[in-house]
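# Report on the structure
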Amino acid sequence: MVPPGPRVPLLRPRSRGAPLGSSPRLQLSGGAMAEVAGPGAEIGRILVQVQEDLQQLKDKLRDISHDREPVDVQSLEAAIERTESGFRKQTEKYLNAVNRTVLTISPTYNVDLCSRQMSKWGIPMETSQKEITFPGMPGIATQHGGSSPPHQSSASKQKLSMMVKIMYNPRNTCHRNFVNLNYGVDLPLINQRKTVPAAAQKVAKGVTVGNLSVAPPSLQLNNISLPVTERDAERGILNLIERGLIPRAARITLEKPPVVLKAVPLHEFHTKHKKPAADEGVESKKEEVCHPPPPPPPPKPIRTPNYTSKGNRRSKGSIAPPPSCISVISPRKSKLHLIQALQKWEFATSSALLLKTSEVTPSQAFQNLCLEFEIPVRKGAVDYTARDLQGFKKYCCLFWGSVLSFLEHVANFLKDYAIPSAIIKGKKVLEIIPDFELNQRLTREEILSVIKNVSVVRKLLSQPGQRYKGQNGIDMAATKIQATWRCYKSRKAYIVFRQQQWASGVIAISWLVHVHMGRVKKTLKESRQRHLENFYIRAKHLAANWNRIRTSRRTIIHIPSLGYMQSVREATPDFTILQGSQFGRLCEIQDTNVDVIYVCPFQLSEEMLRYYDTFLGLWSAVRSGSPKDAADLQDRFKILTPEAINSFPNRPLSLATFLKYSPKTIKRIRNLIQGKEAYIVGGLLNQDDLEVADALDVPILGSTPEVAHLYSSKSGSKRIFAAASVPVPPGQYDIYSRQQMVEVLSQLIIDHPEVKRWVFKVDSEFEGNGTAFCDISTHLKCYPWLLKESRRYGPETWKTRWAHEPALAKISQELPGLLAQHAQAVNEKRFPTWGKFLQTFVSQGGIIEAFPPSDSITNLTVDMLIEPAGEITVVSSGDQFHADSPLRSSGTTLPQCSVEPWVLNLLCLQIGEACKSRGVIGYFSIDFVTFIHPQTMGQQLWAIDLDLHYSDHLALTQVLLYVTNGTLDCRLSRFEVQLIPSKPVGRHSQKEEPQTPSVVNRYVVMSNSIMHGNFSLIYYNVFLQMCKAHGIGYDVQQREGTVFTLFEDQKRLKFGMLTIGEHLQGVLMTFAQQLFIIYQELSAPNMHAETNFKGAVEDIERILGVTEQNKLKFEEEKEASKARTSTK
């Protein structure tokens, strides 16, 4: 269809003001005739106007030619000739467009059939209710059933009819002369083509329909009778549709179809379709059907009824499917064969209906046999002489071009892969033709789907190199090789490029990270330096005003933070509970000038808060000696929990870190200490403690983090002890390699052969977690030889190094295997093997020291304070007892009774001076060990450990002083309490003189690590009621009994216990007896929980045995001295 457009005049008239002599300007539109839109009358008007303009221009040119020069006349004549040639070309284009344009009638959706729309060619857009018939007439006669439009005149009607005739038959000589005389245009000479039948073996591609006559533009479809010649009938209905004689959307029916359809017989369910008995009958029927006879000579009229119903609409440009009669009625010679085949099918169908054995109608069987074409392809060429191909061509005559293209496409594919033979199924070809027309590129699977022997073809296709055996195989192989080589080179270059790109990206990102980390480190360094400077400034202020501050009203902020390194914190189970086990710090409110803010690392329940409110309220009762005087002291202490613990659950962070990220808690502390003197008492300080102090703007009673971490390590404590000149066990510190450890241990064994057990300690560990031991003398095979060598050389010679060389070689060779087999860690859960302990030992560094060469040893713990003003004070001291291991403390007895007090105080003051000289301030604890040396038979005291932080032993000492209101004199190793006499009750109470308080000695057994797995199964209230039922309690007036310290109520695995009594032996027995009672209540026959009750009781019994022996020995010595005195 030619798109409608505006009318463009071919020649503009001369303007009125232009002189006659001037050269007229002819304006032509290149696509004017091709784009003309409008009815037929408009075209005639344009032609008449062009004719008049040309004639007028010729007359003027003749007049001007007498006055002008010949050059101008020739130029004007040339312009006219160009105009005529242009008009001639536009006319040819117009006629060609009319001949090629397929006229369609768009379906109408209106119910009103009287309203008719006209196309731009004058043909109505819809047909009437009448049918289009084609009677058999020799000529073409067009009857105009409808009248022309009312606005056209008679002259225009005549011009329009003449124009239509000229365009309909441009080959007529009269029409050509008429157009030449009237318009000066030579119509194109269109010779009639004669179709020459092509050879059977040669297939020609191209248009199968020649230039045929088309329907006139003024054709009305109300009542049309167009004859169809035999030649047109052979070309088919599609040719008539393309020529505009039949609308595209019309439904075509045959008045007398060649095949009469019948109703499909319905069979019973048990009836089965029986195939023909012999294949020959099928082949004969197939041959008959594939070569049907031609239609009879007189063509049947084709009826096209109305197609305006919704179910029969078709889109514009679509092609109606060809009827079956057109596809089979082609040659005339097969007419008799078709009639015979139909008669046979009718006879077979009638017999099948009688016998009820057939399930298909003759028309269906006829159609199925027609579709079962097998087209052979041999060596990539289609066999066009095959009978099936001829029949398939007749069946697909209307779209044979598409089918032929598809067959050649399949043949080329088979030829490319050198497939010797293949069979194409016609039915599959018909199924895939629509997709092939839409998409000319088919996949391999789609091509293989039309091949009958697909398994053989697929097997050949799967063979390597099969493509290069077919046509252009060498070229394809060369192309493949070149493409592979280019791909390899491109891929290699691309990989190199990507590697370089990746390397550049890594370098850029690394550089950005490095720069960013540098900025962060610089910022952190500046921030830490600023915090450290502020720490020194506030420490100087605290030291200058310490004497005033410690006697005035003040607030102590207790932050029991343990700033160990991350690896130590992560390896310590229940690290948060370990930081929150010093509730004894709250007892410092016994000083009336002190208020305490205690920062707890976990949230306390209401039960815990009520317990400590009641416990701390006993201070008034303790001072008066009457439980009725208990008071509420909640305004004197505050227990705060940082909100950051909810943001970092299950993270072993230090308490100072939690507080650092808790702005609400810091703000509350700042409000509580506003306008008051305050300072912080921490634990093991780290950088976060300084930042918290900076945020609160308060000083810290403690050392700098660097000093605290340096001298809290095992190697650092050895440096302090060496500077203080105190006795230490034989050993070596700062060991960081396995070879160094073996060499040092070998030399220590040689120098001290009397030592049977050697102890290994990791620098950064605490509470015996990083401790291991090995009994060298028991397992060392060369140990007897070593003793013999030492006796042979003598004491003086044995001290020289040259005498040790043979022993060093033997011991160094034997030690690694001995340690791997017999060394044992104290914390076996963390270090199950010596290899893991050795790895930690080497990575963090450690020490090796001798275990006391005695069967009876006693460990001591001494807590000291170096005040900011420089005063050194011994705060507490006690003897340890061990429940789990002899190298891990479980509790203490207070006061200490194993060493002479003046000897212990002297050593402690020496160590305090050494610490003070190195910048240590605040609380710290020292561990000693005492024993009877086997060689000298004298008491030996060694300093073995130093911890620069507030210890659990000191926290329990604060609880002891709070509940007894006693005085601990460490210089004399005495703990004295004042007994308040009871007030007299009765009539004579006022007459009696008041009794003076008596001062008595008390002994205490206290532990902060009593553990039982079943303790978490009961509530604290139930536990306290159970203890009360068994008589376990505390007497405020007599200052004796048992007090418990509770830590947390989530896991509830440990608790603290203090037993106060009059005698050491009695208090040990009471403590052991009460532990046994609690153990019986918490344990069940069927439950085996982890506990240290048994170990504690056994060690206390051992202490009781030693105490009994010492008592008996003391009594014997006393009686002996009396006897000597009486004798004198």
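Conventions adopted
Residues numbered from 1 in each chain as written. Predicted model: local features only at pLDDT ≥ 70, side-chain atom pairs only at ≥ 80, totals over all residues. Heavy atoms only, no water. Helix = DSSP H or I, 4+ residues; strand = E, 2+ residues; numbered from the N terminus. Buried < 20%, exposed > 50% of the residue type's maximum accessible area, 1.4 Å probe, protein only. Contact = heavy atoms within 4.5 Å. Areas by Shrake-Rupley, 256 points an atom, 1.4 Å probe, with all protein chains shown as cover. Pairing = 2+ DSSP bridges. Axes fitted to C-alpha atoms, helices over the stretch in contact; angles between N-to-C directions. Core = buried A, V, L, I, M, F, W, Y, C linked by side-chain atoms within 4.5 Å. Salt bridge = Lys/Arg side-chain N within 4 Å of Asp/Glu carboxyl O. Disulfide = S-S within 2.5 Å. pLDDT = per-residue confidence, 0-100. Phe/Tyr/Trp six-rings, centres within 6.5 Å; stacked < 30°, edge-to-face > 60°. Lys NZ or Arg CZ within 6 Å of the ring centre and 35° of its normal. Patch = residues over 30% accessible without salt bridge, like charges linked within 9 Å, V, L, I, M, F, W, Y side chains within 5 Å. Arc of directions from axis to C-beta. Polar contact = N/O pair within 3.5 Å; in protein donor to acceptor, adjacent residues only side chain to side chain.

## Here we look at the overall build of the protein
- Across its full length, the protein holds 36 helices and 26 strands.
- Looking at the protein residue by residue over its 1128 residues, the buried ones come to 44%.
- Long-range pairs, those at least 24 residues apart, make up 73% of the contacts in the protein with a sequence separation of at least 6.
- Per element, the accessible surface of the protein, about 61900 Å² overall, is 54% carbon and sulfur.

## Points about the sheet that holds strand β12 (residues 771-775)
- Taken in spatial order, the five strands of this open sheet run β10-β14-β11-β12-β13, and their pairing is antiparallel. In the strand order of this sheet, the two ends are held by β10 (731-735) and β13 (824-825), each with one partner.
- The pairing of strand β11 (residues 757-762) with β12 spans five bridges and is classified as antiparallel. Its bridge partner lying in β12, R757 is registered against D775.
- Helix α31 (residues 834-844) contacts β10, β11, β12 and β14 (846-850) of the sheet and is inclined by roughly 60 degrees relative to β11.

## Notes on the nonpolar core
- Ranked by internal contacts, the top residues of the largest apolar core, which has 104 residues, are F583, I911, F924, F928, F1044, F1055 and I1078.
- Looking at this core element by element, the count peaks at nine residues for helix α35 (residues 1064-1082).
- With residues up to four places along the chain from it excluded, the contact list for F1055 reads S1007, N1008, S1009, I1010, F1015, F1023, F1044, T1045, L1046, F1047 and F1093.

## Observations concerning the pattern of salt bridges
- Under the defined criterion, the tally for this structure stands at 23 salt bridges.
- Ionic pairing is found between R458 and E445, a salt bridge with its closest N-O pair at 3.2 Å. Taken together, the positions of R458 in helix α15 (residues 454-461) and E445 in helix α14 (residues 444-448) put the pair 13 residues apart, joining distant regions of the chain.
- A residue is classified by how much of its surface remains accessible, and R458, at 37% relative accessible area, is partly exposed.
- R538 serves as the salt-bridge partner of D697, at 3.5 Å between the closest nitrogen and oxygen. Here the residue D697 occupies a position in the loop between α24 (687-696) and α25 (705-712), and R538 occupies one in helix α16 (residues 473-544), the gap between them amounting to 159 residues.
- A relative accessible area of 12% means that R538 is categorised as buried.
- Taken together, the shared-partner salt bridges connect R538, D694 and D697 into one network.

## Some remarks on the pairing of strand β5 (residues 421-425)
- Alternating positions in β5 separate cleanly, A422 and I424 being buried on one face and S421, I423 and K425 remaining unburied on the opposite face.
- Examined bridge by bridge, strand β3 (residues 374-378) and β5 share five bridges and lie antiparallel to one another. When the sheet's bridge partners are listed, P376 is paired in β5 with I423.

## Side note on the state of the cysteines
- Enumeration according to the criterion identifies zero disulfides in this entry.
- In this structure C396 is a free cysteine whose sulfur lies 8.1 Å from that of C397, the closest cysteine sulfur available.
- Overall, the relative accessible area of 0% leaves C396 in the buried class.
- Here C970 stays free of any disulfide, with the sulfur of C908 as its closest cysteine sulfur at 8.7 Å.

## A short note on the sheet that holds β3
- In spatial order, the strands read β4-β3-β5; together these three strands make up an open sheet with antiparallel pairing. The sheet is open, and its two edges are formed by β4 (381-382) and β5, each paired on a single side.

## Quick notes on unusual backbone geometry
- With an omega of 0 degrees, the peptide bond between L894 and P895 qualifies as cis.
- Within the secondary structure, P895 sits in the loop between β17 (891-894) and α32 (901-917).
- Backbone geometry places N472, a non-glycine residue, at a positive phi of 55 degrees.
- Unusually for a residue other than glycine, N650 sits at a positive phi of about 55 degrees.

## Comments concerning the confidence of the model for the protein
- When pLDDT is averaged across the protein, the result is 76; 68% of the residues are at 70 or more.
- Every residue in residues 1-40 scores below 50 in pLDDT, and together they form 64 contacts with partners more than four places removed in sequence or on other chains.
- Note on residues 100-152: pLDDT is under 50 here. Beyond four places in sequence and across chains, it has 121 contacts.

## A closer look at the packing of aromatic side chains
- Scanning the entire structure with this criterion turns up 33 aromatic pairs.
- Seen in terms of ring centroids, F583 and Y612 are 4.7 Å apart; in terms of plane orientation they differ by 20 degrees. Their pairing is stacked. Linking F583 in the loop between α19 (575-579) and β7 (594-599) with Y612 in helix α20 (residues 606-616), this pair joins segments that are 29 residues apart in sequence.
- Judged by its relative accessible area of 3%, F583 falls in the buried class.
- An aromatic cluster is present here, built from F583, Y598, Y611, Y612, F615, W619 and Y962 joined pairwise through their rings.
- A cation sits over an aromatic face here: R585 above Y950, 4.1 Å from the ring centre.
- A cation over a ring is seen here: R1052 above Y1020, with NZ or CZ 5.8 Å from the ring centre.

## Looking at a nonpolar patch on the surface
- Taken together, Y494, I495 and F497 make up a surface patch of nonpolar side chains, about 280 Å² in accessible area.
- The residue Y494 is located in helix α16 in this model.

## With respect to helix α23 (residues 663-672)
- Buried residues of α23: T665, I666 and I669, and no others. Within α23, the buried residues cover an arc of 100 degrees as seen down the axis, which keeps them to one side. Away from its buried face, by an angle of more than 90 degrees, α23 presents the exposed residues P663, K664 and K667.
- The inward-facing, buried residues of α23 abut β6 (554-558), β7, β8 (637-640), α22 (655-660) and α24.

## Things to note about the side chain of T930
- In this fold, T930 is placed in strand β18 (residues 922-932).
- Given a relative accessible area of 4%, T930 falls into the buried group.
- A polar side-chain atom of T930 sits 3.1 Å from the main-chain carbonyl oxygen of Q940.
- Once residues within four sequence positions are removed from consideration, T930 is found in contact with S856, I857, T858, L860, S898, V899, Q939, Q940 and L941.

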